Amino acid sequence: MKSKINYVSRSRRNFVRNTGCAALGGTTFLSTLLNLKSLGASSIFNSAVAGGEYKALVCLLFSGGNDSYNMLIPTDPNEYADYAASRSNLAIPAVDIIDINANNTGSRTFGLHPSLPKTAALFNSGKMSFVSNVGSLIQPTTKSEFYNGTVPVPLGLYSHADQIMHWQTGIPHDRVATGWGGKMADMLQACNTNTNISMCLSMSGTNVWQTGNTTTEFAMHPTQGAVSIYGDNDDWLANTVRKEALDNILDANYSDLFMNGYKNIIKTSRIGGQQLQAAIEMAPVFNEPFVGDNLSQSLNMVANAISAQSTLGMNRQIFFIEYGGWDMHDTLINQQSGKLSEVDNALHSFNAAMEQLGISDNVTTFGISEFGRTLSSNGDGSDHGWGGNVFAMGGAVNGSSIFGDFPLLDLGNDIEVGGGVFIPTTSADEYFAEIAMWFGVPDSDLTTLFPNLGNFYSVGSGNPIGFLTL
């Protein structure tokens with residue numbers, strides 16, 4: 001079924017119920033509308049960014065907590081010995097690790113998990129870098145301060161629900177419903193000339209990261225694209241009562257301001273969805289095929305939408321993919337091998353697609369996960385941790401580098417607080433801020449997005465970390 005995306009707020013359900021959804025087939029119509037999101041109409045955009053070059057962000061959330069010290073691994077004999085002793089039965093054998101050539105680590109050497117050969121090639125060719133031991137922090141924290149409780153730590157530390165929210169909101173000291181991706185879209189919305197389509201496109205439905213004060217995501221299907229109200233675009237239903245009833249609802253004027261505003265949102269989103277679907281159907285065939293798993297198909301759809309950015313009048317785009325299954329308390333070795341293989345294929349194909357489009361310098365893909373995991377084994381897996389490693393990929397990335405402070409992986413060191421849990425030495429705020437700066441957020445707005453940023457970085461002093469070319 002050819003389809004499209006729309007927006008709607010759950011708080012507006014009564015309008016749907018009271019305007020004929022039963023006549024349209026209530027279950028189908030209502031269930032579709034509940035996935036629609038309202039289009040942000042206003043913007044606090046800084047005009048200095050308008051008219052600049054196209055840029056896109058692609059956020060990959062590895063939900064569940066990625067065991068990232070098995071993704072990026074020290075290979076120096078002494079450091080590997082510490083790693084192997086701490087990880088015990090979770091350690092990757094040294095002979096299986098794929099060496100990478102980091103250009104900024106001095107005599108320290110590193111490698112990647114054996115399921116990441118294409119990722120290693122991306123790193124070695126300067127198209128990817130890692131940022132090490134990143135995590136949510138309110139202020140810099142030492143081991144003694146943590147034990148003594150003399151500094152604030154993120155709410156719900158080690159909790160999936162809280163930590164996954166903190167990485168999406170950039171506000172670890174509070175529980176809020178808006179994300180820094182959505183708030184960036186609020187600030188930069190005037191970059192885009194098409195007001196029918198949100199800057200934020202999600203391959204994973206509703207999410208906190210893309211929810212701003214006026215902007216919400218436009219949810220797409222990884223293979224079908226823009227998802228429609230049932231029957232809206234099907235030729236064989238074009239003249240049916242269902243289609244006519246939908247047209248009547250959207251063409252009517254209502255005396256109730258709320259109902260009329262809600263109708264206008266649905267009508268606008270319907271138009272935007274049709275525009276988006278038509279544009280992505282014109283996407284080129286990519287030379288490097290995407291395989292059939294959900295992550296690859298999601299990135300394929302992102303590539304399709306990026307290929308249509310000029311047609312759609314989009315100068316800024318923000319994409320979100322949630323890739324779950326990383327909460328590996330059991331059978332970690334086997335599970336992680338399969339998951340990282342999917343990541344390897346997907347990133348390789350997506351990078352090739354961006355290069356084919358000639359736009360790789362303008363697209364930054366980056367990973368997040370709610371926390372790293374314990375270095376210590378629980379017998380067959382690892383448990384919830386804190387600091388971990390993340391990656392960034394694209395032409396603007398200062399590639400073949402490992403940024404931040406990769407810790408020595410011996411248990412009992414000065415940042416290990418029990419069970420192989422490491423206090424982050426780079427704050428997630430610094431990581432996020434550098435991405436936001438590259439995307440065009442002015443320095444003056446960084447602390448609006450990340451209120452704790454000043455605890456780690458002097459705003460206006462250059463790159464917080466250095467992994468992106470600003």
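Everything discussed here concerns the structure shown above.
Residues numbered from 1 in each chain as written. Predicted model: local features only at pLDDT ≥ 70, side-chain atom pairs only at ≥ 80, totals over all residues. Heavy atoms only, no water.

Peer 1: It is not clear to me how the overall build of the protein chain should be interpreted in this structure. Could you clarify?
Peer 2: Within the protein chain one finds 14 helices and 13 strands. Residues classed as buried in the protein chain amount to 58% of the 470 residues present. The contacts in the protein chain between residues at least 6 apart in sequence include a share of 76% that link residues at least 24 apart. For the protein chain, the accessible area works out to roughly 17,100 Å², and carbon and sulfur atoms hold 50% of it. (Helix = DSSP H or I, 4+ residues; strand = E, 2+ residues; numbered from the N terminus. Buried < 20%, exposed > 50% of the residue type's maximum accessible area, 1.4 Å probe, protein only. Contact = heavy atoms within 4.5 Å. Areas by Shrake-Rupley, 256 points an atom, 1.4 Å probe, with all protein chains shown as cover.)

Peer 1: Help me out: how do you make sense of the packing of aromatic side chains in this one?
Peer 2: For any two aromatic rings, the description comes down to two numbers: the centre-to-centre distance and the angle of the planes. Tallying each qualifying case throughout the model produces 23 aromatic pairs. Each ring, one from Tyr-323 and one from Trp-326, has its centre 5.7 Å from the other, and the planes form 75°; the classification is edge-to-face. Among the aromatic residues, those joined into a ring-pair cluster are Trp-167, Trp-180, Trp-209, Phe-320, Phe-366, Tyr-431, Phe-432, Phe-450 and Phe-467. Lying across the ring of Phe-439, Arg-316 places its NZ or CZ 5.5 Å from the centre. When the ring centre of Tyr-323 is taken as origin, the NZ or CZ atom of Lys-339, which lies over that ring, is 3.9 Å away. (Phe/Tyr/Trp six-rings, centres within 6.5 Å; stacked < 30°, edge-to-face > 60°. Lys NZ or Arg CZ within 6 Å of the ring centre and 35° of its normal.)

Peer 1: For this particular structure, what's the right way to read the sheet that holds strand β4 (residues 110–112)?
Peer 2: Note on sheets: strands pair through backbone hydrogen bonds, and any given pair is parallel or antiparallel. Pairing within the open sheet is antiparallel, and its three strands lie in the order β2-β4-β3. The strands lining the two open edges of the sheet, one partner per strand, are β2 (72–74) and β3 (98–100). Going from strand to strand, the sheet's axes swing by 45° on average, the running direction of each strand aside. In this structure, β3 lies alongside β4, joined through three bridges in antiparallel fashion. Across the sheet, Ile-100 pairs through a bridge with Phe-110, a residue of β4. Seen against the sheet, helix α4 (residues 117–124) touches β3 and β4 and runs at an angle of roughly 15° to β3. (Pairing = 2+ DSSP bridges. Axes fitted to C-alpha atoms, helices over the stretch in contact; angles between N-to-C directions.)

Peer 1: So what exactly am I meant to see when it comes to helix α7 (residues 180–188) here?
Peer 2: The α-helix winds at 3.6 residues per turn, so residues separated by three or four positions along the chain end up facing the same way. Within α7, nine of the nine residues are buried, leaving the element largely enclosed by the surrounding structure. By the burial criterion, the buried members of α7 are Trp-180, Gly-181, Gly-182, Lys-183, Met-184, Ala-185, Asp-186, Met-187 and Leu-188.

Peer 1: Got a minute to help me understand the nonpolar core in this structure?
Peer 2: Among soluble globular proteins, nonpolar side chains are generally buried collectively. Counting residues in hydrophobic clusters, the biggest one holds 75 residues, and the most contacted among them are Leu-60, Leu-201, Leu-299, Ile-306, Phe-319, Phe-350 and Val-363. With eight residues, helix α12 (residues 332–357) is the single largest residue contributor to this core. Excluding anything up to four places from it in sequence, Leu-201 contacts Gln-210, Phe-218, Met-220, Leu-276, Ala-305, Gln-317, Ile-318, Phe-319 and Phe-320. Phe-403, Phe-439, Phe-450 and Leu-468 belong to the second-largest nonpolar core, a separate cluster that totals 43 residues. (Core = buried A, V, L, I, M, F, W, Y, C linked by side-chain atoms within 4.5 Å.)

Peer 1: Looking at this structure, how should I read the pairing of strand β7 (residues 218–221)?
Peer 2: Two faces, one strand: in a regular strand the side chains alternate between the faces of the sheet. Pairing of strand β6 (residues 200–202) with β7, which is carried by two bridges, proceeds in the parallel orientation. Pairing of Ser-202 across the sheet is with Ala-219, part of β7. Here two bridges tie β7 to strand β8 (residues 225–226), and the two strands are oriented antiparallel to one another. The residue of β8 that forms the bridge with His-221 is Gly-225. Following β7, the chain reverses through three residues before pairing antiparallel with β8.

Peer 1: Before we go on, may I ask you to explain helix α9 (residues 257–280) in this structure?
Peer 2: Across its 24 residues, α9 extends 34 Å between first and last C-alpha, which sits within 8% of the 34 Å expected from 1.5 Å per residue. Near the N-terminus of α9, the side chain that reaches the backbone nitrogen of Phe-258, with its oxygen 2.8 Å away, is that of Asp-256. (Expected span 1.5 Å × (residues − 1). Polar contact = N/O pair within 3.5 Å; in protein donor to acceptor, adjacent residues only side chain to side chain.)

Peer 1: Would you mind showing me how to read the environment of Thr-331 here?
Peer 2: Here Thr-331 is to be found in the loop between β9 (316–322) and α12. Look at Thr-331 and you get partly exposed, because its relative accessible area is 37%. Measuring from C-alpha to C-alpha, the distance between Thr-331 and Gly-379 comes to 9.2 Å, with 48 residues separating the pair along the chain.

Peer 1: Where do I start with the environment of Ile-415 in this structure?
Peer 2: In this structure, Ile-415 sits in the loop between β12 (402–404) and β13 (426–427). Using a relative accessible area of 13% as the deciding quantity, one classes Ile-415 as buried. Apart from the residues lying within four places of it in its own chain, the contact partners of Ile-415 are Asn-133, Pro-407, Val-421, Phe-422, Ile-423 and Thr-425.

Peer 1: I tried to follow unusual backbone geometry on my own but got confused; where do I start?
Peer 2: Outside of glycine, negative phi angles account for most residues, and trans bonds account for most peptide bonds. Even without glycine at this site, Ser-88 takes up a positive phi of about 50°. Tracing the sequence through the fold places Ser-88 in the loop between α3 (77–87) and β3. When its relative accessible area of 43% is taken as the criterion, Ser-88 is described as partly exposed. Positive phi, normally seen in glycine, also occurs at Asn-133, with a value near 50°. As for its position among the elements, Asn-133 is in strand β5 (residues 128–135). Overall, the relative accessible area of 0% leaves Asn-133 in the buried class.

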